[in-house]
Amino acid sequence: MAEITDPENTILIELKDGTVTIELMPKIAPDHCARMKELARAGAYDNVAFHRVIDGFMAQTGDVEHANMEKDYNPRRAGTGGSDLPDLKAEFSKIPHDRGTLGAARSQNPNSANSQFFINFGDNHFLNGQYTVYGRVIAGMEHVDAITRGEPPANPDRMISVKVAADA
């Protein structure tokens, strides 16, 4: 278990195999970090499927509109939705897309990130400067590595619960 130095900017994602601890980067991407905390505190990420999981690349989740596996789950639309909140402006930085970093998923429009995010399985530096990095896994990456693969997976894994560590 990693030492949590800033519980207000730490996210705990409960997966089937254990907890993934993510340290947010509010100095790098304040709006993306605030959005993740807002949705986590609202329970919006609970039971949301990993709808796109590509071996050696990344695991994508966070479609709170279409991918809640306990409420209106639509595997055909999973990955096309967001939240009721407005889209976010890109917060690009020099932080590289290394293994374990959290990136904001978006459409072709750089300012279209909303609720979806991905966790990099490997160093994906071709994404640098094109997708906002706003967190990094500090414990539990082995649980991310165990997420069922597929686009979409036939039987997707889900985020059982997502909490801000300060509230846990």
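Going along each chain's sequence as written, the residues are numbered from 1 onward. In keeping with the model being predicted, local features are shown solely for residues with a pLDDT of at least 70 and side-chain atom pairs are shown and tallied solely at 80 or more, while totals for entire chains, interfaces and linings include all residues. To obtain the side-chain values, all non-hydrogen atoms of the structure were used and water was disregarded.

Draft legend 1. Focus on the overall build of the protein chain. Only DSSP runs of H or I reaching four residues or more are called helices, and only runs of E reaching two or more are called strands; each is numbered from the N terminus. The number of helices and strands found in the protein chain is two helices and 10 strands. Ordered by position in the sequence, the α and β elements of the protein chain form the string β-β-α-β-β-β-β-β-β-α-β-β. Expressed as lengths along the three principal axes of its C-alpha atoms, the size of the protein chain is roughly 35 × 35 × 30 Å. Relative to its 168 residues, the protein chain shows a buried fraction of 51%. At a minimum sequence separation of 6, the contacts of the protein chain that also span at least 24 residues come to 68%. When the accessible surface of the protein chain is totalled, it reaches about 7,900 Å², and 47% of it is carbon and sulfur. We count Lys and Arg on the positive side and Asp and Glu on the negative side, and we leave His and both chain ends out. Each charge is placed at NZ for Lys, CZ for Arg, CG for Asp and CD for Glu. One finds the centroid of the 17 positive side-chain charges in the protein chain at a distance of 4 Å from the centroid of its 24 negative side-chain charges. For every residue, the accessible area obtained with a 1.4 Å probe (protein chains only) is divided by the maximum for its type, and the residue is called buried under 20%, exposed over 50%, and partly exposed between those limits. Residue contacts are counted whenever heavy atoms from the two residues lie within 4.5 Å of one another. Where accessible areas are quoted, they stem from the Shrake-Rupley method and a 1.4 Å probe; at the residue level, only the protein chains shown are allowed to cover.

Draft legend 2. The arrangement of the pattern of salt bridges in detail. By definition here, a salt bridge exists when the distance from a side-chain nitrogen of Lys or Arg to a carboxyl oxygen of Asp or Glu is within 4 Å. Under the defined criterion, the tally for this structure stands at nine salt bridges. The partner of D55 in a salt bridge is R149, and the shortest N-O contact between them spans 3.1 Å. Note that D55 is positioned in the loop between strand 4 (52-54) and strand 5 (58-61) and R149 in the loop between helix 2 (141-145) and strand 9 (158-159), a separation of 94 residues in sequence. On the accessibility criterion, D55 (59% relative accessible area) is exposed. The class of R149 is partly exposed, set by a relative accessible area of 29%.

Draft legend 3. Up close: the pairing of strand 5. Side chains of strand 5 alternate between two faces, with M58 and Q60 and A59 and T61 buried alike. Criterion used throughout: strands pair if DSSP finds at least two bridges between them. Relative to strand 5, strand 4 runs antiparallel, the two sharing three bridges. Across the sheet, V53 pairs through a bridge with A59, a residue of strand 5. Where strand 4 folds back on strand 5, the antiparallel hairpin that results is connected by three residues, among which G56 adopts a positive phi of roughly 80 degrees. As paired elements, strand 5 and strand 7 (residues 117-120) share four bridges and run antiparallel to each other. Bridge pairing links T61 to F117 in strand 7.

Draft legend 4. Main features of the side chain of N9. Checked against the element boundaries, N9 lands in the segment before strand 1 (10-15). Judged by its relative accessible area of 11%, N9 falls in the buried class. What qualifies as a polar contact is a pair of N or O atoms within 3.5 Å, subject to a donor-acceptor requirement within protein and to the restriction that residues adjacent in sequence count only when both atoms come from side chains. Within the structure, N9 has its side chain in polar contact with the side chain of K37 (distance 2.9 Å). In this view, N9 contacts I22, E23, L24, P26 and K37; residues no more than four positions away in its chain are not counted.

Draft legend 5. Expanded view of the packing of aromatic side chains. Two aromatic rings from Phe, Tyr or Trp, using only the six-membered ring of Trp, form a pair when their centres are within 6.5 Å; if the ring planes differ by under 30 degrees the pair is stacked, by over 60 it is edge-to-face, and anything between is tilted. Taken as a whole and judged by the stated rule, the model has three aromatic pairs. Ring geometry for F118 and Y131: centres 6.1 Å apart, planes at 80 degrees, overall edge-to-face. In this pair, F118 is assigned in strand 7 and Y131 in the loop between strand 7 and strand 8 (133-139), connecting sequence segments 13 residues apart. Between R106 and the ring centre of Y131, over which it is positioned, the NZ or CZ distance is 4.1 Å. Criterion for a charge above a ring: Arg CZ or Lys NZ at most 6 Å from the ring centre, at most 35 degrees from the ring normal. Sitting over the ring of F121, R149 keeps its end group 4.1 Å from the ring centre.

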